[in-house]
Amino acid sequence: MDGIMSKGSLASLATVATVLQFLTGTVICNRYIRKKSTGDTSAFPFISGFLSCFMWLKYGVLTEESTLILVNFIGSALFFSYTVVFFIFCVNKREVIRQMMVISCIILSATLYTLFETDDEKSIRVIGLLCCCLAVLFFASPLTMLAHVIRTQNTDSLPFPIIVASFFVCLLWTAYGVLIGDRFIQIPNLLGGILAGIQLTLYVIYPKKKASFSGGPRYSPLVSENPIL
């Protein structure tokens, strides 16, 4: 009974924390709506977020894991809505369509594979591996900017609230993966937690400087707003 309760409590915490992280996209979309423009930003964070959530949703269906199904169903709906808002207010609609066609091909290929693969265990391994690869790619991309932070000894590019949120969300999903014995959940979230921890360590080593009245350079955040799950 205690094991069931601990699993349920951890699942609830992970779900709530992840959905709250997903909802940060509403702030960005609200800005687009107010300005009637997306400026020079890219739709890729929203589109990649939709792809990640959809693939984890498919993995949850294959493994019959209700927590994964719930959180990624919500995530898929939210990121698709964000992409629609971006498309409405962006100038380069052709680029958004191109990106959507690419992820649609990935989703279609994965769906057809699971439909025609008769070995359920093999389907779970293949889709789980695909989800892990996508997660590792998303987490690896910010590493290219860590050298810049170390070289300049400037952590103005570190979005502290996002990093802290990502750190705890990844820890919750890692713990949940350990609890249910699923390595495909454990590994990418552990890597994400380590990356977030590295960035928090840099924030301690190079404290964020106080903003001057004249302003300063603006940098892109190191952590993507897209979570693993």
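Criteria and thresholds
- Residues numbered from 1 in each chain as written.
- Predicted model: local features only at pLDDT ≥ 70, side-chain atom pairs only at ≥ 80, totals over all residues.
- Heavy atoms only, no water.
- Helix = DSSP H or I, 4+ residues; strand = E, 2+ residues; numbered from the N terminus.
- Buried < 20%, exposed > 50% of the residue type's maximum accessible area, 1.4 Å probe, protein only.
- Contact = heavy atoms within 4.5 Å.
- Areas by Shrake-Rupley, 256 points an atom, 1.4 Å probe, with all protein chains shown as cover.
- 1 Å grid on protein atoms, 1.4 Å probe; cavity = no way out; pocket = protein on both sides within 12 Å on 5 of 7 lines; lining within 4 Å.
- Points joined across faces, edges and corners; volume = space filled by probe spheres on them.
- Nonpolar A, V, L, I, M, F, W, Y, C, P; charged D, E, K, R; others polar.
- Salt bridge = Lys/Arg side-chain N within 4 Å of Asp/Glu carboxyl O.
- UniProt positions renumbered as here; feature names shortened; annotations may be inferred.
- Expected span 1.5 Å × (residues − 1).
- Axes fitted to C-alpha atoms, helices over the stretch in contact; angles between N-to-C directions.
- Parallel < 35°, antiparallel > 145°, perpendicular 65-115°, else oblique.
- Left-handed = near helix turned anticlockwise from the far one by under 90°.
- pLDDT = per-residue confidence, 0-100.
- Patch = residues over 30% accessible without salt bridge, like charges linked within 9 Å, V, L, I, M, F, W, Y side chains within 5 Å.

### As for the overall build of the protein chain
Line of reasoning, step 1. Helices and strands together make up the secondary structure of the protein chain, namely nine helices and zero strands.
Line of reasoning, step 2. Going residue by residue from the N terminus, the α and β elements of the protein chain occur as α-α-α-α-α-α-α-α-α.
Line of reasoning, step 3. Here the protein chain, with 229 residues, has 43% of them falling under the buried criterion.
Line of reasoning, step 4. A separation threshold of at least 6 residues defines the contact pool for the protein chain, and within that pool the share at least 24 residues apart is 81%.
Line of reasoning, step 5. Approximately 12,700 Å² of the protein chain is accessible, and the part contributed by carbon and sulfur atoms is 69%.

### Observations regarding the layout of surface pockets
Line of reasoning, step 1. Put simply, the second largest pocket is a space of about 200 Å³.
Line of reasoning, step 2. Broken down by class, the residue content of the lining of the second largest pocket amounts to six nonpolar, two polar and five charged.

### Quick word on the pattern of salt bridges
Line of reasoning, step 1. According to the stated counting rule, one finds one salt bridge in the structure shown.
Line of reasoning, step 2. Between Arg 98 and Glu 95 there is a salt bridge, with the nearest N and O atoms lying 2.6 Å from each other. With Arg 98 and Glu 95 both in helix α5 (residues 93–116), this residue pair falls three residues apart, about one helical turn.
Line of reasoning, step 3. Given a relative accessible area of 45%, Arg 98 falls into the partly exposed group.

### A few points about the UniProt feature "transmembrane region" (unreviewed entry) in the protein chain
Line of reasoning, step 1. Summarizing the sequence annotation, UniProt attributes the feature "transmembrane region" (unreviewed entry) to residues 12–30, 42–62, 68–89, 127–146, 158–179 and 185–206 in the numbering used throughout.
Line of reasoning, step 2. For the annotated span residues 42–62, helix accounts for 90% and strand for 0% of the residues, and the straight-line distance between the end C-alpha atoms is 32 Å.

### A few points about α5
Line of reasoning, step 1. In this model, α5 (24 residues) spans 34 Å end to end at C-alpha, consistent with the 34 Å of a helix rising 1.5 Å per residue.
Line of reasoning, step 2. Those residues of α5 that fall on the buried side of the exposure criterion are Val 96, Gln 99, Met 100, Ile 103, Ile 107, Ala 110 and Thr 114.

### Here's the deal with the packing of helix α2 (residues 24–35) against helix α4 (residues 66–89)
The angle between the axes and the distance between the axes are what describe a pair of packed helices.
Line of reasoning, step 1. The contact between α2 and α4 brings their axes to 10 Å, and the two run at 20°. Judged on the interaxial angle alone, α4 and α2 are roughly parallel. The handedness of the crossing between α2 and α4 is left-handed. Contacts from Gly 25, Thr 26, Cys 29, Tyr 32 and Ile 33 of α2 reach α4 at Tyr 82, Val 85, Phe 86 and Phe 89.
Line of reasoning, step 2. Each residue belonging to the contact of α2 with α4 can be placed in one class, and the counts come to seven nonpolar, two polar and no charged.

### Regarding the confidence of the model for the protein chain
Line of reasoning, step 1. Averaged over the protein chain, the pLDDT score is 83; the fraction of residues at 70 or greater is 83%.
Line of reasoning, step 2. α4 holds the highest mean pLDDT among the elements of the protein chain, 94, whereas helix α7 (residues 143–152) holds the lowest, 70.
Line of reasoning, step 3. Of the regions scoring below 50 in pLDDT, residues 211–226 engages in 29 contacts with residues more than four places distant in sequence or in other chains.

### Here's the deal with the side chain of Glu 65
Line of reasoning, step 1. By the element assignment, Glu 65 lies in the loop between α3 (44–63) and α4.
Line of reasoning, step 2. For Glu 65, the contacting residues outside a window of four places in its chain are Lys 7, Gly 60, Tyr 176 and Ile 180.

### Topic: a nonpolar patch on the surface
Line of reasoning, step 1. A cluster of nonpolar side chains, Val 136, Ile 187, Leu 190, Leu 191, Ile 194 and Ile 198, forms an exposed patch at the surface whose accessible area comes to about 490 Å².
Line of reasoning, step 2. With five residues, the single largest contributor to the nonpolar patch is helix α9 (residues 183–205).
Line of reasoning, step 3. The residue Val 136 is located in helix α6 (residues 120–140) in this model.

### Brief notes about unusual backbone geometry
A negative phi angle characterises most non-glycine residues, just as the trans form characterises most peptide bonds.
Line of reasoning, step 1. One non-glycine residue, Lys 36, adopts positive backbone phi at about 60°.
Line of reasoning, step 2. By secondary structure assignment, the location of Lys 36 is in the loop between α2 and α3.
Line of reasoning, step 3. The exposure class assigned to Lys 36 is exposed, which follows from its relative accessible area of 58%.
Line of reasoning, step 4. For Glu 64, which is not a glycine, the phi torsion comes out positive at approximately 60°.
Line of reasoning, step 5. Considering the arrangement of structural elements, one finds Glu 64 in the loop between α3 and α4.
Line of reasoning, step 6. Classification of Glu 64 as exposed rests on a relative accessible area of 70%.

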